[in-house]
Structure formats: structure tokens, C-alpha cells
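Here are the chains, one letter per residue:
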Amino acid sequence: MTFQGSGSIGTGNVSGGGGGGGGVGRIALGGGAGLIITIVALLFGVNPGELLGSQAPQQGTSSDAAEIQQQLDSCTWEMANENTICRIKATTVSLDEVWSELMPGYQPPKTVIFADSVNTGCGAASAATGPFYCPADRTAYFDPSFFTQLRRMGGSDGPLAQEYVVAHEYGHHVQNLTGALAKGQRMGSQGPRSGSVRVELQADCLAGVWAQHADNGPDALLAPISEQQIATVIQTAKAIGDDTIQGPGSNPEGWTHGSATQRAKWFGIGYQSGDPNRCDTFATNDL
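Looking at an unreviewed UniProt entry, one finds the protein chain named Neutral zinc metallopeptidase and attributed to Gordonia namibiensis NBRC 108229. Recorded under Subcellular location (unreviewed entry), the UniProt text for the protein chain is reproduced unchanged: "Membrane".

Take a look at the structure:
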């Protein structure tokens, strides 16, 4: 069990989506480096169709969105420990609670859970894109099928590992509110000390900050986090490092998210300190 409590999770800012893709080039991805390039395109406000492919994506349907919405409406805290869609929703509630306490003036983002493809303020995205945050519409997007792909890439499908993925995208929302995202955009999208790498490592750190606070206090939504659960997060962070995805001989000049070691390191800094101020990846070149 990860979440504790019982009864309905409530409405929150999470909705079902899908059916996107009209008029925008296909995000032609099979994982690997292409996955990261496309997420960076969305994060940095670029239509990914301009970068990858030209065919229309497989479109989600209104029935997909309706089915997801039906699941969301029925989610309980008990279900969040078994059902991926409900786990995403529960995690967003916890994230909003923690960041509302840590960040004066925090404004919750929206979250859309979709199937196959979705239209966003940053362009159209497919399931192959993976989870992402679009700053143009202040919305985090998740296709639950990503977690199966993540496991194949060497990540964990444990509950806290999945919640880390959600927390990372919410980290980008925090960056959007603080101006860190815009700062990263001005520093470039590729290279070992690029703005993109700094943005991504900071989001990992902010995810760690959330994890430190999410199980604190008698009314905490998360049950006490174990070392074994943290190990699943580290495993996942390493699995999506640039050098892991690109394989042997990876060229740091093409990095966009940071190495496996760096991603694990910055999550650890956030988790061990619980202090967002310790997540300033722009203040150091020792990434």
C-alpha cells in the first residue's frame, strides 16, 4: 500500500482526454532518444510535429476519453493502490497539497489522462511521447500505457516509481510558476550543462522534495515511504537517463535530461533535504 485513507478521492483537476492529432504531424517514436527529443519539444513550447515525422497519429476516440473519465469519477483512495489511473489522480491531490504548503501563491495545474493521442497547447502528442507538461496550457499529460514501456526500459512499475513520474511533471509546473522553466529555455535544449538538462534535473529534485513531505504528519495521504520504495524510484530515474537511453558511447553534447547518475543524484538531494531551495540546478555546474 502507498496511499492511506478511504472513500472517494474527489474531483480535483484531473480529467480524461483523447482524440487529438488533427492537422499536426505524427510523433513517430519508438522510444529511445526520439522519446526524449519530443518531450523536450513539448516542454519548450515547440510543436513536436515540426521535428519528427509527417504522418497523422493514431487518434484517440471520444469513447476512450469517456471511459477514462468514468474511471476517474469512481476513484477511491483504496483503488489508488491498485489502479494506475486512480494512482495518478491520487498523486496529483497529494502534490497539490504539498506544494500549496511549500510554495506561497501556488496554483495547481490541470492534469489530463489520455489514450493514444491528445491535442495540447504545445501541439499534438501521441502515447509514444510519454508523460509531459505543457507550459502553454499549464497541464500535465499522462497516457497510462507509458508505465509498461518504462518497465521495458528498465524502470520499475512500483507505485512510488509511478508517482515519481507524476511528481516530476508537476515539478515542471512549479518551474513554470517560478520562472525556472523560462530561464532554462533561454539556455538551450541540448548539452551536458544546457538549460534542458538543468530543468529536468531540477524537476527530479522537486519530485524528491514532494516525496519527503508526502508521508509526513497524521493526515498524510501517503503511508510511510520505505527504503525499498525509494530504490524503485532510483531504478526508474536511472532508466531514463540520457546515457542509459542512448546506450554505449552516448555523446553528452546531445543530452537533454541528464545522465542516469545525475537524475538519481538530484532526486536524492530533494528527498534528503525536503527543501526546494536545494534544487537550484542553475547555480552550479556540478550537475
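A. Spotlight on the state of the cysteines. A complete count under the given rule lists 3 disulfides for this structure. The disulfide bridge from Cys122 ends at Cys134, spanning 2.1 Å between sulfur atoms. Across the S-S bond linking Cys122 and Cys134, the dihedral sits near 95°, which makes this disulfide right-handed. You can see Cys122 sitting in the loop between β3 (117–120) and β4 (123–126) and its partner Cys134 sitting in strand β5 (residues 132–134), a full 12 residues away along the chain. In this structure Cys122 comes out as buried when scored by relative accessible area, which is 4%. Given the relative accessible area of 0%, Cys134 is considered buried. With cysteine numbering restricted to those in disulfides and following the sequence, the protein chain has the pairing 1-2, 3-4, 5-6.

B. Representation of the nonpolar core. If you look at the biggest cluster of nonpolar residues, it comprises 60 residues, and the most contacted ones within it are Trp99, Tyr164, Trp210 and Phe267. Residue contributions to this core peak at 10 residues, all from helix α7 (residues 195–214). Excluding its chain neighbours within four sequence positions, the residues that come into contact with Trp210 are Thr91, Ser94, Leu95, Val98, Trp99, Leu160, Glu163, Ala167 and Leu222.

C. Local environment of the packing of aromatic side chains. Under the definition given, this model contains 5 aromatic pairs. Taking 4.9 Å as the distance between ring centres and 15° as the angle between the ring planes, the aromatic pair formed by Phe132 and Tyr141 counts as stacked. Classification of Phe132 by relative accessible area gives buried; the value is 0%. Judged by its relative accessible area of 4%, Tyr141 is buried. Relative to Phe267, the ring of Tyr164 lies with its centre 5.7 Å away and its plane at 80°, an arrangement referred to as edge-to-face. Linking Tyr164 in helix α5 (residues 159–178) with Phe267 in helix α10 (residues 260–273), this pair joins segments that are 103 residues apart in sequence. The two residues Tyr164 and Phe267 agree in class, both being buried. Connected via pairs of aromatic rings, a cluster forms that spans Tyr164, Phe267 and Tyr271.

D. A look at the environment of Gly188. For Gly188, the position within the fold is in the loop between α6 (180–185) and α7. Residue class for Gly188 comes out partly exposed when judged on its relative accessible area of 28%. With 68 residues separating them in the primary sequence, Gly188 and Thr256 have C-alpha atoms 9.3 Å apart.

E. Spatial organisation of the side chain of Asn81. Within the element layout of this structure, Asn81 appears in the loop between α2 (62–73) and α3 (84–102). Owing to a relative accessible area of 16%, Asn81 belongs among the buried residues under this scheme. Residue contacts for Asn81: discarding those within four places in its chain leaves Met1, Thr2, Phe3 and Arg87.

F. Up close: the packing of helix α8 (residues 227–239) against α10. One can describe the packing of α8 onto α10 by two numbers: an axis separation of 7 Å at closest approach and a directional angle of 145°. Between α8 and α10 lies a crossing of right-handed hand. Facing α8, whose interface residues are Ile230, Val233, Ile234, Ala237 and Lys238, α10 presents Ala260, Arg263, Ala264, Phe267 and Tyr271. Of the residues that constitute the contact of α8 with α10, the class distribution is 8 nonpolar, no polar and 2 charged.

Reading guide: rules and limits
Residues numbered from 1 in each chain as written. Predicted model: local features only at pLDDT ≥ 70, side-chain atom pairs only at ≥ 80, totals over all residues. Heavy atoms only, no water. UniProt positions renumbered as here; feature names shortened; annotations may be inferred. Disulfide = S-S within 2.5 Å. Helix = DSSP H or I, 4+ residues; strand = E, 2+ residues; numbered from the N terminus. Buried < 20%, exposed > 50% of the residue type's maximum accessible area, 1.4 Å probe, protein only. Core = buried A, V, L, I, M, F, W, Y, C linked by side-chain atoms within 4.5 Å. Contact = heavy atoms within 4.5 Å. Phe/Tyr/Trp six-rings, centres within 6.5 Å; stacked < 30°, edge-to-face > 60°. Axes fitted to C-alpha atoms, helices over the stretch in contact; angles between N-to-C directions. Left-handed = near helix turned anticlockwise from the far one by under 90°. Nonpolar A, V, L, I, M, F, W, Y, C, P; charged D, E, K, R; others polar.

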